[in-house]
Amino acid sequence: MNIHEYQAKEFFKRYRIPIPNGIVAGTPEEAADAAFKLETQRVVVKAQVKAGGRGKGGGVKVVPPKEASAAAAAMFESGIKTHQTGGKALPVRQVLVEEGVEFESGADEYYLAIILDRSAEKPVVMASAEGGMDIEAVPEEKILKMHFDVSTGVWAFEARNLGLELGLAPRAAGAFARVVVALGKLFVEEDASLAEINPLIVKPEGTALAIDAKLNFDDSAMFRHKKTALLEDLGDMLDSEKKARELDLAYIPLDEGNIGCIVNGAGLAMATMDVIQAVGGAPANFLDVGGGASKEKVTEAIKIVLSDSKVKTIFINIFGGIMRCDVIAEGMVAAAQELGLKLPLVVRLAGNKAAEGKEILNKSGLSLITANDMRDGAEKAVKAAAEA
Ligand code: GDP
Ligand code: MN
């Protein structure tokens, strides 16, 4: 789960990581107001979209306060396209208006991030003097790495040594170290999976300021952080995606295709996609019912898949393990009856309670197309979709 820059900066504030003064705005008028309130010569208007590279994509503008409104209006109007948005513009619903900060481009810009190093089973601090640019473009040898233990956090002396290694003067290394220690604390306490500041401005006289902020959180830990979980902006999500989330089902809508797929497990989802394509078809979406879905959940899953108007047939491809085939079958029958299902339903059940599942389907009186294996099912689904 990830959040917007302005939200990440609220976490920074709480952990005493210095940030520029800023105000969030939802309209050009609010942006004008915010710029005025900041009482500064220059403001920075920043599009709040979840993608990096906003600077190069027109999503970060340094302007005099009276131009804040126009800068914001342009972002609201056309959205922001960066090298990370996959060719399309992301809608902008909020901008962050901040006090413009003076710094020496390049010289004062540092990169600082903490991620989880799975192989070391520890978080790792990554720091570089090449701040402000994409970390992917920074040569490996210019990135310093330092692991730390979650039970102790980052020690101040280690953080300071890291700063000195980056070439910072002693005072500056001290300011840098305070940010590293605080970011480490935030990372552990908030169950983050990524905490990144690029650029972190560190000046020789010994001040540090987080110009940018990025935080991702570990989804599996969000039960411990109810307030954090509420921060997620679901504005870009389809209603069907929101519904699936509520039910703890993994749903992936695709842009094209006409076969709705209900599977269990991500691996089977990918295999199903491959097989459908191999026999000349295209999936419209995937819904992964996971391990322990109840009959009710299966019913809801079918409704979600059907809510996509591109869907001409549903292919249910289940390999029963923890998920029992008879439970899937009951859910399908219930959904078909409740919805008065007209679309052809192609079903392949294998594994745990497959025989029981097939019997439930046979007795249901529904006109289902049963498949013997995955390929057979994919072929039948492609044919049914073409005829529908
Ligand atoms: P990103 O492109 O999405 O990573 O957005 P950033 O927040 O990192 O901003 C992009 C770039 O804009 C930064 O690397 C800076 O060079 C520049 N920038 C952002 N805020 C300021 C500021 O207050 N003053 C100046 N001079 N430049 C800024
Ligand atoms: Mn940045």
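A brief report on the enclosed structure follows.

## Here's the deal with the environment of Ala35
Position of Ala35 among the secondary structure elements: in helix α2 (residues 28-37). With 34 residues separating them in the primary sequence, Ala35 and Ser69 have C-alpha atoms 8.4 Å apart. What Ala35 contacts, discounting residues up to four positions off in sequence, is Val43, Pro65, Ala68 and Val97.

## Focus: the side chain of Ser128
Its place among the elements puts Ser128 in strand β6 (residues 122-128). Here Glu130 takes part through its backbone nitrogen, which lies 2.9 Å from a polar atom of the side chain of Ser128. Setting aside its immediate chain neighbours within four residues, Ser128 contacts Tyr110, Tyr111, Val138, Lys142, Ile143 and Leu166.

## Points about helix α1 (residues 5-14)
Each turn of an α-helix holds 3.6 residues, which means side chains three or four residues apart point in the same direction. In terms of burial, α1 is a largely internal element, 7 of the 10 residues being buried. Within α1, burial applies to Glu5, Tyr6, Gln7, Ala8, Lys9, Phe11 and Phe12. Of the residues flanking the end of α1, it is Arg16, one or two places downstream, whose phi is positive at about 60°.

## So, the coordination of the manganese ion (ligand 2)
Donor atoms from the polypeptide that coordinate the manganese ion (ligand 2) comprise Asn198 (O) and Asp212 (OD), at 2.2 Å from the metal. Of this pair, Asn198 sits in strand β8 (residues 192-203) while Asp212 sits in the loop between β9 (207-210) and β10 (214-217); the two residues are 14 residues apart in sequence, bridging distant segments of the chain. The same class applies to Asn198 as to Asp212, namely buried.

## Here we look at the sheet that holds strand β2 (residues 43-47)
The strand order across the open sheet built from 4 strands is β1-β4-β2-β3, with neighbouring strands paired in antiparallel fashion. For this open sheet the edge positions go to β1 (22-25) and β3 (60-63), each flanked by a neighbour on one side alone. Each neighbouring strand pair of the sheet contributes to a mean axis angle of 20°, computed without reference to strand direction. Relative to strand β4 (residues 95-99), β1 runs antiparallel, the two sharing 4 bridges. In the sheet register, Gly22 faces β4, and the bridge partner there is Glu98.

## Section: the nonpolar core
Leu112, Phe176 and Leu200 are the most contacted members of the largest nonpolar core, which has 42 residues in total. Discounting residues that sit within four places of it in the chain, Leu200 has contacts with Asp108, Glu109, Tyr110, Leu112, Phe176, Val179, Ala208, Leu209 and Ala210. Counting residues in each nonpolar core, the second largest holds 32 residues, with Leu247, Leu249, Ile316 and Met323 among its members.

## A word on the state of the cysteines
Disulfides are covalent bonds that link the sulfur atoms of two cysteine residues. A complete count under the given rule lists 0 disulfides for this structure. Sulfur of Cys261: no disulfide; nearest cysteine sulfur belongs to Cys325 and is 17 Å away. Using a relative accessible area of 0% as the deciding quantity, one classes Cys261 as buried. By relative accessible area, Cys325 is classed as buried at 0%.

Quick notes on the rules
Residues numbered from 1 in each chain as written. Chains lettered and ligands numbered in written order. Predicted model: local features only at pLDDT ≥ 70, side-chain atom pairs only at ≥ 80, totals over all residues. Heavy atoms only, no water. Helix = DSSP H or I, 4+ residues; strand = E, 2+ residues; numbered from the N terminus. Contact = heavy atoms within 4.5 Å. Polar contact = N/O pair within 3.5 Å; in protein donor to acceptor, adjacent residues only side chain to side chain. Buried < 20%, exposed > 50% of the residue type's maximum accessible area, 1.4 Å probe, protein only. Donors = N, O, S within 2.8 Å, 3.2 Å for Na, K, Ca; no water. Pairing = 2+ DSSP bridges. Axes fitted to C-alpha atoms, helices over the stretch in contact; angles between N-to-C directions. Core = buried A, V, L, I, M, F, W, Y, C linked by side-chain atoms within 4.5 Å. Disulfide = S-S within 2.5 Å.

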